[in-house]
Amino acid sequence: MNGSPLASLRERLKSGRAALATTYLRHPAATSYLVQHAALVDAVLADLCTYLAVPDTCCLAAVGGYGRGELFPGSDVDVLLLLPGDPSPEVRVAIEGWVRACWDIGLEIGHSVRTVEACLVEAADLTVETNLLEARRIWGAPTLYESFEGRFSERFDARRFFDGKLVEQQARHARFDDSAYKLEPNLKDSPGGLRDLHTIGWLARACGIAGGWRGLARAGLLSDAEARRIAREERGLAALRIHLHLLAGRREDRLAFDYQTELAARLGLTATAHRRPGERLMQGYYRAAKLIQRANDILVQSLRARLFPVSTPPLPIDGDFQLRGNLVEARSGDLFERAPDALLRAFIVLARHPGAGGFEPSTLRALWRGSTRIDAAFRAHPPHRALFLALLREPVGVTHALRAMHRYGLLGRYIPAFGRIVGQMQHDLFHVYTVDEHILTVLRNLRRLTVPALAHELPLASRLIATFDKPELLYLAALFHDIAKGRGGDHSELGATDARRFCRAHGLDRADTELVVWLVTMHLSMSQTSQKEDISDPEVIAAFAARMGNERRLVALYLLTVADIRGTSPTVWNAWKGKLLEDLFHATRTRLAGKAWVGDIAARQSEARANLALYGLPNDAAEALWQHLDERYFVRFDARDMAWQARMLWGRTDSPATIVRARLSPAGEGIQVLVYAPDRPDIFARICGFFARIRYTILEAKIHTTRHGYALDSFQVMDLANRGIHYRDFLSFVEHELARDLDPAQPMQTVPRGRLSRHQRHHPYPASARVVSDAQGRGHVLSITCADRGGLLFAVAEVLMRHGVSLYAAKIDTLGERVEDTFLIRGAALETPMGSQALEASVKAVLE
């Protein structure tokens, strides 16, 4: 065959696809595009078979998504070439030529060539069976295709297929941590993606229900309105996937940061006062994914009940609910219409039966439909308000019940402000969850503290919550602490207003209402104080204690803060943050109790001497070091640190060589490093450079200069990259290599500027640097906020060195991909406003 027919087909395919794309971008209609694209490829394939004289005793069938009559721009063209029997050499040659020609004309086919018997054998594999289930004849022998269809149907085991697809779905969801709320979700495979809808279709066919969403409505599993809504969300995701493929110029199913802004523009989304176009795009996606997850839950269980009916009699729970198998079921179909309060009672029943796997399918559908009954009148009804508070007071199952309320749309109906933040992403470089998921994760973290079997995780918090008189107040504070995100203004203040209104409406007394409101208002203050201020300073503790007012507030805020930080991202919490919070809590509680300050210098020194005696050192072993230190040193270091430093430096306080010692951090994670050397301006920069090069993060620096001119610096460092390094094996390396880097005879090594991540590039976080006098008048405070990157601290240290500014303390707070660092500094350059402004400008320049 000459090349002209192939060239003609190639051009026909290319121009046809270009025309479809142009039309789609001008008038987006997902269904029309998918059907027309599949029809275009059908015609090209059929003509190619004719041109190449493929024997008409064979049959070409579309399988997989292409078999459904839907073809996305970048999707594979999956086909099955059915043979009536083993092919002759001539037929083999013709088929091989046909496959080559498909690729030559621009069709990236995924092909299989099989007899009917071979298809049935291969269908033992669930993936192959699923593809064949959606087969559609394109060209060739109709009788052969009918034979295949008949024999495939005969051997199709609906129950085996159903169970296999459920296991497959669970495994697929697990790959995405069972969350639809990833920052870069997969449109096809993530929970709530298109594949969840495909799974419903496959399981419906296994149950003998054809006709898509309308077919499910005819079967009584959906109302007509629900079927239309699911179809609308499916078209929306399909439209987004078409745009994504066209934008990427290939198959790309991940909503990567690189594409989100442009996709939003193509969909006509513009910025609002408080949200970028990409954020609006993602909120729309997350809400669609949530609805699809809900539909998947309900319909999969409904179809399972059809295919695997439960024959065991139900176990009554009360007059309105019963257990059927391990599922909670309404005892009458009209329960929620005649008794709307059952919409809330159902979740109390679920909480009280932790072994229940959820709700029975018909009850799920009734809850979903009944959620629209939760309106202003429903929320204002006192018995309904009492039921919601009763749910929060349940001893077990609160998290499970509230997550179920959220999943099926009732929580956002009952608390409208919560409904407004469903699917709202937080591009602040450290929250990895949407606001609604973060709130429920914080509430879950609080509930975990009440489980005795988990008390080893956070012993102090577990002890405190066990004696807290009304833990439901903590849960209310968790529900409202971030509920005003995205409105503009201070979300703590706005959320506190919502919380006050809710608490008053629900009949909480004045003291309880004020505690919840205060917690929402103050929910950031404890983390900010512990991570940004010098909590060894008695004046800092006194000021913080004054803000707390009493021990009940302090305990409540500590518990909420621990749960909140642990709920931002799996990587943000660490043992060092936990220790800072505990130290602040204990110091503040002591202050509130009116007891002597735990930082009493004489007491600390006495404890340190006792510690040194355990190592066989004389009573005056510490004096050689302590005589060179001022009161500030004894305030900032605890007795254990003082003892360790004195022991490491015993007999070496006048050493001309740099001394570096490292040990496992008393905080329980990371290492603590002591550096002692004749003071000079570049020490801090060299230390920062060393740890930047080995990719360790400095969490805290305490910088002290002795009276006889030595630098005594202490650092807490960690491997935040989680490379699996055993800290104990790393101590000698740090001691040797850091001492070598600090040798003044060696030039200071530079650190290359680290790259920003894709997230940071596409969602830039504004850099800021601010210098102010500290409250005690001892120096100045430099505060920086910016996106994290390698070598950042080294760059700041170099700026301080150039400006002749010395550092005496630093708090390094890394929040995911964002840093909020605080430096306590001194220097003659800071004595004038012009000098402070010059330092600010220089620091900001290296942050950007």
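This is a predicted model, so every value here is computed, not measured.

**Looking at the overall build of the protein chain**
Along the protein chain, the regular secondary structure elements total 39 helices and 17 strands. Along the longest, intermediate and shortest principal axes, the C-alpha atoms of the protein chain span 100 × 75 × 50 Å. Each of the 848 residues in the protein chain was classed as buried or not, and the buried ones make up 56%. The long-range share in the protein chain, meaning contacts at least 24 apart out of those at least 6 apart in sequence, stands at 71%. Total accessible area computed for the protein chain in this model is approximately 35,300 Å², and 52% of it derives from carbon and sulfur atoms. Put simply, the protein chain has 107 plus and 98 minus side-chain charges, and the middle of one group is 3 Å from the middle of the other.

**Considerations on the sheet that holds strand β5 (residues 315–316)**
Strand order in the open sheet formed by 4 strands is β5-β6-β7-β8, with mixed pairing between adjacent strands. A single partner strand is all that each edge strand has here, and the edge strands are β5 and β8 (358–359). In this structure, strand β7 (residues 327–330) lies alongside β8, joined through 2 bridges in parallel fashion. Bridged to V328 within β8 is F359. Across the face of the sheet, helix α16 (residues 361–370) comes into contact with β7 and β8 while running at roughly 60 degrees to β7.

**Considerations on the nonpolar core**
Core analysis: the largest hydrophobic core is formed by 268 residues, its most contacted members being L45, W98, F347, V673 and F691. Take this core: its biggest share by element is 14 residues, from helix α13 (residues 277–307). Residues L617, A621, L625 and Y710 belong to the second largest nonpolar core, which totals 23 residues.

**Here we look at the packing of helix α9 (residues 194–206) against α13**
Between α9 and α13, whose axes approach to 10 Å, the crossing angle comes to 15 degrees. Judged by the inter-axis angle, α9 sits roughly parallel to α13. As for the relative orientation of α9 and α13, their crossing is left-handed in sense. Every residue of α13 that contacts α9 at D196, L197, I200, L203, A204 and A206 is listed here: I292, A295, N296, L299, V300, L303 and L307. Grouping the constituent residues of the contact of α9 with α13 by class yields 11 nonpolar, 1 polar and 1 charged.

**Things to note about a positive patch on the surface**
On the surface, R228, R229, R232 and R235 cluster together into a positively charged patch. Among the secondary structure elements, R228 is positioned in helix α11 (residues 224–248). Residue R228 is classed as exposed on the basis of its relative accessible area of 54%.

**Thoughts on helix α26 (residues 510–522)**
End to end, α26 covers 18 Å across 13 residues, agreeing with the expected 18 Å (1.5 Å per residue, within 8%). Along α26, the positions that sit buried rather than exposed are D512, T513, L515, V516, V517, W518, L519, V520 and M522. Next to the buried residues of α26 lie α24 (471–480), α25 (491–505), α27 (525–532), α28 (538–548) and α29 (551–566). Of the residues that open α26, the one with a side-chain oxygen 3.2 Å from the backbone nitrogen of A511 is D509.

**Quick look at the sheet that holds strand β4 (residues 136–140)**
With mixed pairing, the 4 strands of this open sheet are ordered in space as β3-β2-β1-β4. Every other strand in the sheet has two partners, leaving β3 (109–115) and β4 as the edge strands with one partner each. Neighbour to neighbour, the strand axes of the sheet diverge by 25 degrees on average, direction disregarded. Across 4 bridges, strand β1 (residues 59–62) lies against β4 in antiparallel orientation. Paired with A61 across the bridge in β4 is R137. Helix α4 (residues 89–104) rests against β1, β2 (77–83) and β3 of the sheet, and its axis sits at about 165 degrees to β3.

**Let's talk about the pairing of β3**
Across 7 bridges, the pairing between β2 and β3 is parallel. Within the sheet, the bridge partner assigned to D78 lies in β3 and is G110. Between β2 and its parallel partner β3, the chain crosses via α4, and the hand of that crossover is right-handed.

**A few points about the pattern of salt bridges**
For the structure on display, the rule yields 49 salt bridges. For R501, the salt bridge goes to D498, with nearest N and O atoms at 3.2 Å. In this pair, R501 and D498 both sit in helix α25, 3 residues apart, roughly one turn of the helix. Residue R501 is classed as exposed on the basis of its relative accessible area, which comes to 52%. Looking at D498, the relative accessible area reads 11%, which means it is buried. Among the charged side chains, a salt-bridge network with shared partners connects D320, D334, R338, D341 and R345.

**Section: the packing of helix α35 (residues 683–693) against helix α38 (residues 792–802)**
Taken N-terminus to C-terminus, the directions of α35 and α38 make an angle of 165 degrees; their axes are 8 Å apart at the nearest point. Classified by the angle between their axes, α35 and α38 sit roughly antiparallel to one another. Considering only the axes of α35 and α38, their crossing is left-handed. Along its contact with α35, which presents F684, A685, C688 and G689, the element α38 presents L793, F794, A797 and E798.

**Details of the packing of aromatic side chains**
Enumeration according to the criterion identifies 23 aromatic pairs in this entry. Pairing Y633 with F634 gives two aromatic rings, centres 5.2 Å apart and planes at 85 degrees, and the pair type is edge-to-face. Accessibility assignment for this pair places Y633 and F634 in one class, buried. When the ring of Y696 is compared with that of Y727, the centres are 6.2 Å apart and the planes differ by 85 degrees; the resulting orientation is edge-to-face. Of this pair, Y696 sits in the loop between α35 and β11 (697–705) while Y727 sits in helix α36 (residues 727–741), and the two are 31 residues apart along the sequence. On the basis of relative accessible area, Y696 is assigned to the buried category, the value being 5%. Overall, the relative accessible area of 16% leaves Y727 in the buried class. Taken together, F690, F691, Y696, Y727, F730 and F733 form an aromatic cluster joined through their ring pairs. Positioned above the aromatic ring of Y615 is the side chain of R647, whose terminal nitrogen or guanidinium carbon lies 3.8 Å from the ring centre. Seen from the ring of Y808, R826 lies directly overhead, with NZ or CZ sitting 3.8 Å from the centre.

**Some details on the environment of S842**
Examined against the element boundaries, S842 turns out to sit in helix α39 (residues 833–847). Separated by 42 residues in the primary sequence, S842 and L800 place their C-alpha atoms 9.0 Å from one another. Each residue touching S842, except ones within four places of it in the same chain, is listed here: V799 and H803.

**Quick look at helix α12 (residues 257–266)**
Those residues of α12 lying buried are F257, Y259, Q260, L263 and A264. Taken around the axis of α12, the buried residues stretch over an arc of 140 degrees, which confines them to a single face. A positive phi of about 80 degrees marks G268, the residue just after α12.

**Brief notes about the side chain of R294**
Along the chain, R294 turns up in helix α13. No salt bridge is formed by the buried R294; the nearest opposite charge belongs to D297, separated by 7.6 Å. Apart from the residues within four sequence positions on either side, R294 is in contact with W368, H406, R407, Y408 and G409.

**Description of the confidence of the model for the protein chain**
Put simply, the protein chain has an average pLDDT of 91, and 96% of its residues get 70 or more. Within the protein chain, the element-level pLDDT minimum falls on helix α37 (residues 758–762), averaging 66, and the maximum on α24, averaging 98.

**Overview of the environment of I209**
Assignment of secondary structure puts I209 in the loop between α9 and α10 (212–218). Assessed through its relative accessible area of 9%, I209 is described here as buried. Each C-alpha atom of the pair I209 and L303 lies 9.5 Å from the other, and the pair is 94 residues apart in sequence.

Here is what the cut-offs are and how they apply
Residues numbered from 1 in each chain as written. Predicted model: local features only at pLDDT ≥ 70, side-chain atom pairs only at ≥ 80, totals over all residues. Heavy atoms only, no water. Helix = DSSP H or I, 4+ residues; strand = E, 2+ residues; numbered from the N terminus. Buried < 20%, exposed > 50% of the residue type's maximum accessible area, 1.4 Å probe, protein only. Contact = heavy atoms within 4.5 Å. Areas by Shrake-Rupley, 256 points an atom, 1.4 Å probe, with all protein chains shown as cover. Lys, Arg positive; Asp, Glu negative; His and termini not counted. Charge placed at Lys NZ, Arg CZ, Asp CG, Glu CD. Pairing = 2+ DSSP bridges. Axes fitted to C-alpha atoms, helices over the stretch in contact; angles between N-to-C directions. Core = buried A, V, L, I, M, F, W, Y, C linked by side-chain atoms within 4.5 Å. Parallel < 35°, antiparallel > 145°, perpendicular 65-115°, else oblique. Left-handed = near helix turned anticlockwise from the far one by under 90°. Nonpolar A, V, L, I, M, F, W, Y, C, P; charged D, E, K, R; others polar. Patch = residues over 30% accessible without salt bridge, like charges linked within 9 Å, V, L, I, M, F, W, Y side chains within 5 Å. Salt bridge = Lys/Arg side-chain N within 4 Å of Asp/Glu carboxyl O. Expected span 1.5 Å × (residues − 1). Polar contact = N/O pair within 3.5 Å; in protein donor to acceptor, adjacent residues only side chain to side chain. Right-handed = clockwise from strand over helix to strand, strands pointing away. Phe/Tyr/Trp six-rings, centres within 6.5 Å; stacked < 30°, edge-to-face > 60°. Lys NZ or Arg CZ within 6 Å of the ring centre and 35° of its normal. Arc of directions from axis to C-beta. pLDDT = per-residue confidence, 0-100.

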